[in-house]
Amino acid sequence: MPKKASARFFSRSLLLKAFAVCLVLMLVGLAWLDAFVRNRFDSHQWQLPARVFARPVELYNGQVLDSSQMERLLNLMRYRQEAGAPTPGSWSRDGQSLLLHTRGFRDSDGGEPPRRLRLRITDGRVAGLAQADGGALPVARLEPMQIGSIHPGHSQDRILVRLNETPPALVAMLLAVEDRAFYEHHGISLRGLSRAALANLRAGGVRQGGSTLTQQLVKNFWLSRDRTLSRKLLELPMALLLELHYEKNQILETYLNEVYLGQDGARAIHGMGLAAQFYFGRPLQELEPHHLALLVGMLRGPGLYDPRRRPERARERRDLVLRVAQSEGVISEAVLERALARDLEVVPRGGGALYAFPAFIDLVRRQLARDYPPAVLASDGLHIHSTLDVLAQLAAEDALARTLEQRDPGAAHQLTGAVVMTAPDQGDVLAVVGDRRARSTGFNRALDAVRPIGSLAKPAVVLTALEQPRRYHLASLVKDEPIEVPLTRGQVWAPRNFDNESMGEIPMLDALSLSRNQATASLGMELGLDKVIMTLRRLGVQRNIPAYPSILLGSLELSPFEVAVMYQPLATGGFRTPLRSITDVLDLSGEPVARYPVSAEAVLDQEATFLTQWAMIQVMREGTGRGLLGVLPPDITVAGKTGTSDGYRDAWFAGFSGNHMAVVWVGRDDNQPAGVAGSSAALPVWGQVMASVPQRSLRETAPPGVEWVWMDADGVRTSGEGCRDARLYPMMTASIPQQSTSCGERRDNDGGVRGWFRRMFN
Amino acid sequence: MVQAHVQLMWPRAALAGLLLLLGACSVQPVAPPEPLPPVEVAEDSPAASLLALADSARARNDFSAAGRYLERALSVSRSGEATVLYRELAELRLAENEPRAAEGLALRALREAPDHPLWQADLWDLVAEARDRQGNDTGRDSARDNAERLREAP
């Protein structure tokens, strides 16, 4: 063969071979791509962080709720005022009533449908609740507010929205602006590509993509964001393959949930559902055309058209989308005009309930971490129903901030504090404030500031004594006198009272209500430290309790949350009801996954607990808590205890009514003397917090085995009503002294045979 | 001193006894003691509708929903209603085969109970059943004794 011909033959054969190899490689590559696309799309699971919700607000006749609270709540929940409350998430005034259209939600009891209801509030109470059409409605709930999401390990966040739940106007605008031929093409649009190629040629570089929605989805899902030719070469076949295997609506729904629409610190905002909440504070379904147009406009560049940072540019872009939508027949001319006149109406970042309660979310996070692996929390879209009472939380934040501002004004403040509020019956944690600046995400003092509890320990000493009814009762005299307890290495513990005085022998009741250190110390030493420590354990203290005499006066260090745990059995009459921040966990479709039910375990002697509770009521009536008089309604019975640590470093108040308990701590982070005392710094906060929620009186009815007895001041003889120095005490039957002053009747009421006769004659 | 106390009591007791006797001899029949009102949740209470919903949820074995309704009822309940709701919760836990939880809740219902011997006796029976299911025979017997004592009380 001639050389030339042979070279030609070889080159042709080589070319053919190369072509064949390329073809095979392409086919293999295509097959690989096909498998990749199908596999990844089929197995794609949305990374849906667990979402945390506050407890839904219950509405019912007689509920304590004033109109301003209700309006504050509706604002927080982004209800819009609209005549007749026609759609979910709207409200209006109607004479003396409010018309509300609730949004509805799922719960482990089935939840609530969206419904229109009429609410009448008179004199701070709900005076009427009915369906808007007049039907009876004994109880209704507003949907729970989302207060956070838990996304450990990654920073994507989204709220999944199904295509049939997406406003049709959004889809229409999206297609009009981004991909008019979406329902006609097969993944790529030659017209779009050639238009982009022309534009790029003119610009001398890659400026436009000409991508279809399918291509954009492929790019967002699997490819880098760079506009390179190689990426384009992969994007085209992948888009075609995607269209080959999946329905248009499937692709569209995935697109709507996948698109990136901004950044909230470390959290990436993905999907239209979350974007609606992030920018407008409302569900996607409630957005109006001008809102939807902004979201569609932002797809071109969420940073470039960020409505918070670049409102003018964002508005121009929104208006352009609106005009395109009108020209494509998506909206009418009239709607366009109205929409153009509207502001952007973007809510301030961090202004809503989402991420507004970091201290409480911290508690939820800790509880969840015990029960769920991080991967489940990050991706399964769990709905966490928490116990947060938004109104109580806001009131607690306000009370702490206001009181500390009065005591320590200015920017360079040193005083800080924490509040924990619970509903003891259910063990629900209603509010957690970890800083005087409640939005601060730093040190959570409510859970982590571990401080000496001061006199908050005293009820434990009294309770220990009262559990020995043959030896002690509240009238028993204890010595409020200087006491010296030898310690190791020759040291001596010699506590003093806050007023540096000693009162001599005083009833145990006064030792507690007047918070006398020497009396409590001598009583505690008489009882034995081990017995007091055992009581503290039964109250729920889990930390190591050193067997030093100073624990009697509260050298024991606890966090405000641990104090709430410790006071829980005192508030419930002797039952340990574990504090919970979560009631239910639901899966993505609203089906119950887990419940955290109310429980109660009897841990204290019922009668002794009642007596301790009663003594703590006297703290509020005539002891160190009496400064609160007038803050709460006079007919509400509450009990509590002040606490102040050495050097006025820590001020505490812990107390409860029949349905709420609150613990307040005030002090400094550097643990320096803060000049604060329980009665002057913590009590006012406690009073404001408790006054802000509906209260039920603490029961003063004695349980079986407790009688009311008039006692002489000597603490060893019964006396009678009207007798000199006689005081009435609740007393366990086993404690009632045999000796009497022979003055009057010793029992006050219906105890025993005499009471029976008296009832008869009355 | 005990004697002195008893002596002080006797004259009045004797007088009362005499009056009782005279009362019995008079023509007017002695009215029987009025039965105590039932312990229940008031019909117009917000807790009542939730209690009814809890009942229907329990009837269809949806314990999770029943529990949620009862806890909601507890949070909106009026004074004096807690004893009914804790009792319902205790019975629910028993049905869920959680006798330990049921015992605690029944005792809690007792703590909130009014001075109503029959109601309290029923609650002690519930405690006895919960203890029995935990194999606590002594506790069960003591709870039953309490119930009996209350039923026999005048």
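Here the structure is shown first, and the text comes after it.
Quick summary incoming for the structure in this document. (Residues numbered from 1 in each chain as written. Chains lettered and ligands numbered in written order. Predicted model: local features only at pLDDT ≥ 70, side-chain atom pairs only at ≥ 80, totals over all residues. Heavy atoms only, no water.)

A look at the sheet that holds strand β24 (residues 592–595) of chain A
Across a sheet, strands are paired by hydrogen bonds formed along the backbone, either parallel or antiparallel in direction. Residues and elements named next belong to chain A. Pairing within the open sheet is mixed, and its 5 strands lie in the order β9-β1-β13-β23-β24. On the outer flanks of this sheet lie β9 (146–150) and β24, each paired with one strand and no other. Direction aside, the axes of adjacent strands within the sheet are offset by 20° on average. The sheet strands contacting helix α12 (residues 358–371) are β1 (50–53), β9, β13 (383–386) and β23 (582–586), and the helix crosses β9 at an angle near 45°. (Pairing = 2+ DSSP bridges. Helix = DSSP H or I, 4+ residues; strand = E, 2+ residues; numbered from the N terminus. Axes fitted to C-alpha atoms, helices over the stretch in contact; angles between N-to-C directions. Contact = heavy atoms within 4.5 Å.)

What to know about the packing of aromatic side chains
Residue and element names in this part refer to chain A. Enumeration over the complete set of coordinates arrives at 8 aromatic pairs over all chains. Each ring, one from Phe 498 and one from Tyr 648, has its centre 6.1 Å from the other, and the planes form 55°; the classification is tilted. Of this pair, Phe 498 sits in the loop between β19 (492–493) and β20 (504–507) while Tyr 648 sits in the loop between β26 (639–644) and β27 (650–656), and the two are 150 residues apart along the sequence. For Tyr 648, a relative accessible area of 36% corresponds to the partly exposed category. Ring pairs connect the aromatic residues Phe 610, Trp 614, Trp 708 and Tyr 729, which therefore count as one cluster. The positively charged end of Lys 248 is found above the aromatic ring belonging to Phe 182, 4.6 Å away from the centroid. Lying over the aromatic face of Tyr 305, Arg 317 brings its terminal NZ or CZ to 5.4 Å of the ring centre. (Phe/Tyr/Trp six-rings, centres within 6.5 Å; stacked < 30°, edge-to-face > 60°. Buried < 20%, exposed > 50% of the residue type's maximum accessible area, 1.4 Å probe, protein only. Lys NZ or Arg CZ within 6 Å of the ring centre and 35° of its normal.)

What to know about the state of the cysteines
Residue and element names in this part refer to chain A. Per the stated rule, a full pass over the model turns up 1 disulfide over all chains. Disulfide pairing is shown between Cys 723 and Cys 743; the S-S distance is 1.8 Å. Looking down the S-S bond of the Cys 723 and Cys 743 bridge, the torsion is -100°, so its handedness is left-handed. On the criterion of sequence distance, the pair formed by Cys 723 in the loop between β29 (706–711) and β30 (727–732) and Cys 743 in the loop between β30 and α23 (752–761) is long-range, its members being 20 residues apart. On the basis of relative accessible area, Cys 723 is assigned to the buried category, the value being 10%. (Disulfide = S-S within 2.5 Å.)

A closer look at the environment of Gln 414 of chain A
Residue and element names in this part refer to chain A. Inspection of the secondary structure assignment puts Gln 414 in the loop between α14 (390–407) and β14 (415–423). Counting along the chain gives 319 residues from Gln 414 to Gly 95, while the straight-line C-alpha distance between them is 48 Å. Those residues in contact with Gln 414 that sit more than four places away from it in its chain are Asp 408, Gly 667, Arg 668 and Asp 669. Here Arg 668 takes part through its side chain, which lies 3.3 Å from a polar atom of the side chain of Gln 414. (Polar contact = N/O pair within 3.5 Å; in protein donor to acceptor, adjacent residues only side chain to side chain.)

Here's the deal with the sheet that holds strand β7 (residues 125–131) of chain A
An order of β3-β4-β5-β6-β7 (chain A) is seen for the 5 strands of this open sheet, with the pairing classed as mixed. At either margin of the open sheet sits one strand with a lone partner, and together these are β3 (80–81) and β7 of chain A.

In short, the description is geometric, and any link to function would need to be established separately.
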